[in-house]
Amino acid sequence: MPDIDSILQKYPFVQTDNLIPILQEIQENLGFISKEALIKVGSHLQMPTSKIYGLATFYNQFRFEPKGKHHISICNGTSCHIHSNAIIIKELYKKLGIKSGEVTKNGLFSIEETECLSGCGKGPVMAVNDKYFTSMTVEKVHEIVNFYMQIENS
Ligand code: FES
(Lines give C-alpha, C1' and ligand atoms only; values in the text may rest on other atoms or scores of the structure.)
Protein backbone atom coordinates (compact mmCIF):
# COMPACT_ATOMS: atom_id res chain seq x y z
CA MET A 1 0.00 0.00 0.00
CA PRO A 2 1.60 3.31 -1.04
CA ASP A 3 2.24 5.91 1.67
CA ILE A 4 1.59 9.67 1.36
CA ASP A 5 5.08 10.42 0.01
CA SER A 6 4.92 7.82 -2.74
CA ILE A 7 1.46 9.06 -3.79
CA LEU A 8 2.82 12.62 -4.00
CA GLN A 9 5.75 11.44 -6.12
CA LYS A 10 3.27 10.46 -8.82
CA TYR A 11 2.33 14.14 -9.14
CA PRO A 12 5.71 15.81 -9.67
CA PHE A 13 4.38 19.13 -10.96
CA VAL A 14 2.96 21.86 -8.76
CA GLN A 15 -0.53 21.98 -10.19
CA THR A 16 -3.51 22.78 -8.01
CA ASP A 17 -5.62 20.73 -10.48
CA ASN A 18 -3.99 17.71 -8.89
CA LEU A 19 -5.41 18.44 -5.45
CA ILE A 20 -8.60 16.37 -5.72
CA PRO A 21 -6.99 13.33 -7.43
CA ILE A 22 -4.22 13.35 -4.80
CA LEU A 23 -6.71 13.51 -1.92
CA GLN A 24 -8.79 10.76 -3.54
CA GLU A 25 -5.75 8.53 -3.85
CA ILE A 26 -4.68 9.17 -0.26
CA GLN A 27 -8.15 8.34 1.01
CA GLU A 28 -8.33 5.19 -1.12
CA ASN A 29 -5.07 3.95 0.35
CA LEU A 30 -5.18 5.21 3.92
CA GLY A 31 -8.94 5.28 4.49
CA PHE A 32 -9.06 8.97 5.42
CA ILE A 33 -7.21 12.28 5.05
CA SER A 34 -5.05 12.72 8.13
CA LYS A 35 -3.65 16.00 9.44
CA GLU A 36 -0.22 14.80 8.35
CA ALA A 37 -1.57 14.22 4.82
CA LEU A 38 -3.05 17.74 4.66
CA ILE A 39 0.29 19.24 5.69
CA LYS A 40 2.30 17.15 3.20
CA VAL A 41 -0.10 17.87 0.33
CA GLY A 42 0.01 21.57 1.23
CA SER A 43 3.76 21.71 1.11
CA HIS A 44 3.82 19.64 -2.13
CA LEU A 45 1.31 21.90 -3.92
CA GLN A 46 2.54 25.07 -2.21
CA MET A 47 -0.89 25.79 -0.80
CA PRO A 48 -1.85 26.67 2.79
CA THR A 49 -3.20 23.67 4.71
CA SER A 50 -6.28 25.68 5.69
CA LYS A 51 -7.12 26.24 2.03
CA ILE A 52 -6.76 22.54 1.23
CA TYR A 53 -8.96 21.63 4.18
CA GLY A 54 -11.55 24.20 3.08
CA LEU A 55 -11.63 22.84 -0.47
CA ALA A 56 -11.69 19.22 0.67
CA THR A 57 -14.62 19.76 3.05
CA PHE A 58 -16.59 21.19 0.13
CA TYR A 59 -16.69 17.65 -1.33
CA ASN A 60 -18.43 15.35 1.11
CA GLN A 61 -16.52 12.36 -0.29
CA PHE A 62 -13.56 13.09 1.98
CA ARG A 63 -13.23 11.98 5.56
CA PHE A 64 -10.79 13.37 8.09
CA GLU A 65 -11.01 10.64 10.69
CA PRO A 66 -10.59 6.87 10.39
CA LYS A 67 -13.85 4.95 9.86
CA GLY A 68 -15.66 3.45 12.84
CA LYS A 69 -15.60 -0.30 13.48
CA HIS A 70 -19.11 -0.49 12.01
CA HIS A 71 -19.07 1.82 9.02
CA ILE A 72 -22.54 2.68 7.76
CA SER A 73 -22.99 3.71 4.15
CA ILE A 74 -26.33 5.28 3.44
CA CYS A 75 -27.32 5.73 -0.18
CA ASN A 76 -28.11 9.22 -1.32
CA GLY A 77 -28.54 8.34 -4.99
CA THR A 78 -31.50 9.53 -7.05
CA SER A 79 -33.58 6.39 -6.77
CA CYS A 80 -33.18 6.16 -2.99
CA HIS A 81 -33.90 9.85 -2.77
CA ILE A 82 -37.24 9.22 -4.51
CA HIS A 83 -37.86 6.42 -1.98
CA SER A 84 -37.67 8.98 0.86
CA ASN A 85 -34.15 8.21 2.04
CA ALA A 86 -34.07 11.61 3.77
CA ILE A 87 -36.21 10.19 6.60
CA ILE A 88 -33.81 7.27 7.02
CA ILE A 89 -30.74 9.49 6.98
CA LYS A 90 -32.27 11.84 9.56
CA GLU A 91 -33.17 8.92 11.84
CA LEU A 92 -29.69 7.43 11.56
CA TYR A 93 -28.10 10.77 12.45
CA LYS A 94 -30.42 11.09 15.44
CA LYS A 95 -29.86 7.52 16.60
CA LEU A 96 -26.05 7.75 16.58
CA GLY A 97 -25.63 11.47 17.27
CA ILE A 98 -23.29 11.90 14.31
CA LYS A 99 -23.54 12.96 10.68
CA SER A 100 -21.99 11.85 7.42
CA GLY A 101 -18.19 11.84 7.67
CA GLU A 102 -18.23 11.60 11.46
CA VAL A 103 -17.37 8.84 13.93
CA THR A 104 -18.97 8.19 17.32
CA LYS A 105 -16.76 9.07 20.28
CA ASN A 106 -16.26 5.39 21.13
CA GLY A 107 -15.05 4.72 17.58
CA LEU A 108 -17.70 2.06 16.98
CA PHE A 109 -19.82 3.73 14.30
CA SER A 110 -19.25 6.05 11.39
CA ILE A 111 -21.65 7.21 8.69
CA GLU A 112 -21.09 8.12 5.10
CA GLU A 113 -23.65 9.28 2.58
CA THR A 114 -22.77 7.61 -0.71
CA GLU A 115 -23.74 7.54 -4.34
CA CYS A 116 -25.78 4.60 -5.67
CA LEU A 117 -25.20 1.34 -3.77
CA SER A 118 -26.60 -0.69 -6.69
CA GLY A 119 -29.89 -1.68 -5.12
CA CYS A 120 -32.06 1.02 -6.68
CA GLY A 121 -35.18 -1.15 -7.07
CA LYS A 122 -35.17 -1.85 -3.32
CA GLY A 123 -34.34 1.53 -1.86
CA PRO A 124 -33.65 3.12 0.46
CA VAL A 125 -30.44 1.09 0.76
CA MET A 126 -27.98 1.07 3.65
CA ALA A 127 -24.85 -0.98 4.30
CA VAL A 128 -22.93 -1.76 7.46
CA ASN A 129 -19.41 -2.62 6.34
CA ASP A 130 -20.11 -5.22 3.61
CA LYS A 131 -23.67 -6.20 4.67
CA TYR A 132 -26.47 -4.59 2.67
CA PHE A 133 -29.95 -3.73 3.90
CA THR A 134 -32.73 -2.82 1.47
CA SER A 135 -36.20 -1.24 1.73
CA MET A 136 -35.03 0.62 4.81
CA THR A 137 -37.57 1.98 7.26
CA VAL A 138 -37.19 4.03 10.44
CA GLU A 139 -37.86 0.82 12.44
CA LYS A 140 -35.14 -1.04 10.56
CA VAL A 141 -32.64 1.73 11.35
CA HIS A 142 -33.22 1.08 15.05
CA GLU A 143 -33.20 -2.72 14.71
CA ILE A 144 -29.96 -2.78 12.75
CA VAL A 145 -28.07 -0.23 14.85
CA ASN A 146 -29.29 -1.90 18.08
CA PHE A 147 -28.04 -5.24 16.75
CA TYR A 148 -24.52 -3.89 16.28
CA MET A 149 -24.64 -2.10 19.65
CA GLN A 150 -25.61 -5.39 21.33
CA ILE A 151 -22.71 -7.23 19.68
CA GLU A 152 -20.39 -4.75 21.37
CA ASN A 153 -22.03 -5.15 24.77
CA SER A 154 -22.15 -8.95 24.80
S1 FES B 1 -29.85 5.07 -5.80
FE2 FES B 1 -29.74 4.02 -3.92
S3 FES B 1 -29.16 2.04 -4.48
FE4 FES B 1 -29.18 3.11 -6.35
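**Some remarks on the packing of helix H2 (residues 19-30) against helix H3 (residues 35-45)**
Part 1 of the reasoning: The interhelical angle for the contact between H2 and H3, taken along N-to-C directions, is 150°, at an axis separation of 11 Å. The orientation of H2 with respect to H3, classified from their angle, is roughly antiparallel. Where H2 crosses over H3, the two elements pack in a sense that is right-handed. Contact residues: H2 offers Leu19, Ile22, Leu23 and Ile26, while H3 offers Ala37, Val41, His44 and Leu45.
Part 2 of the reasoning: Taken together, the residues that form the contact of H2 with H3 break down as seven nonpolar, one polar and no charged.

**Observations concerning the side chain of Glu112**
Part 1 of the reasoning: Along the chain, Glu112 turns up in strand S2 (residues 109-114).
Part 2 of the reasoning: Of the side chains with opposite charge, Arg63 lies nearest to the buried Glu112, which makes no salt bridge, at 4.1 Å.
Part 3 of the reasoning: Within the structure, Glu112 has its side chain in polar contact with the side chain of His71 (distance 2.7 Å).
Part 4 of the reasoning: Those residues within four positions of Glu112 in sequence are excluded, and the remaining contacts are Gln61, Arg63, Lys67, His71, Ile72, Ser73, Ile74, Ser100 and Gly101.

**Description of the packing of aromatic side chains**
Part 1 of the reasoning: For the structure shown, the criterion picks out two aromatic pairs.
Part 2 of the reasoning: With 5.1 Å between their ring centres and 85° between their planes, Phe147 and Tyr148 make a pair best called edge-to-face.
Part 3 of the reasoning: Using a relative accessible area of 46% as the deciding quantity, one classes Phe147 as partly exposed.

**Remarks on the side chain of Asn29**
Part 1 of the reasoning: Locating Asn29 in the fold gives a position in helix H2.
Part 2 of the reasoning: Reaching out from Asn29, the side chain makes a polar contact with the backbone oxygen of Glu25 at a distance of 2.8 Å.

**With respect to helix H7 (residues 138-153)**
Part 1 of the reasoning: Between the first and last C-alpha of H7 there are 23 Å, a value that for 16 residues agrees with the 22 Å anticipated at 1.5 Å per step.
Part 2 of the reasoning: Against strand S1 (70-75), helix H6 (85-96), S2, strand S3 (126-128) and strand S4 (131-133) lie the buried residues of H7.

Conventions adopted
- Residues numbered from 1 in each chain as written.
- Predicted model: local features only at pLDDT ≥ 70, side-chain atom pairs only at ≥ 80, totals over all residues.
- Heavy atoms only, no water.
- Axes fitted to C-alpha atoms, helices over the stretch in contact; angles between N-to-C directions.
- Helix = DSSP H or I, 4+ residues; strand = E, 2+ residues; numbered from the N terminus.
- Parallel < 35°, antiparallel > 145°, perpendicular 65-115°, else oblique.
- Left-handed = near helix turned anticlockwise from the far one by under 90°.
- Contact = heavy atoms within 4.5 Å.
- Nonpolar A, V, L, I, M, F, W, Y, C, P; charged D, E, K, R; others polar.
- Buried < 20%, exposed > 50% of the residue type's maximum accessible area, 1.4 Å probe, protein only.
- Lys, Arg positive; Asp, Glu negative; His and termini not counted.
- Salt bridge = Lys/Arg side-chain N within 4 Å of Asp/Glu carboxyl O.
- Polar contact = N/O pair within 3.5 Å; in protein donor to acceptor, adjacent residues only side chain to side chain.
- Phe/Tyr/Trp six-rings, centres within 6.5 Å; stacked < 30°, edge-to-face > 60°.
- Expected span 1.5 Å × (residues − 1).

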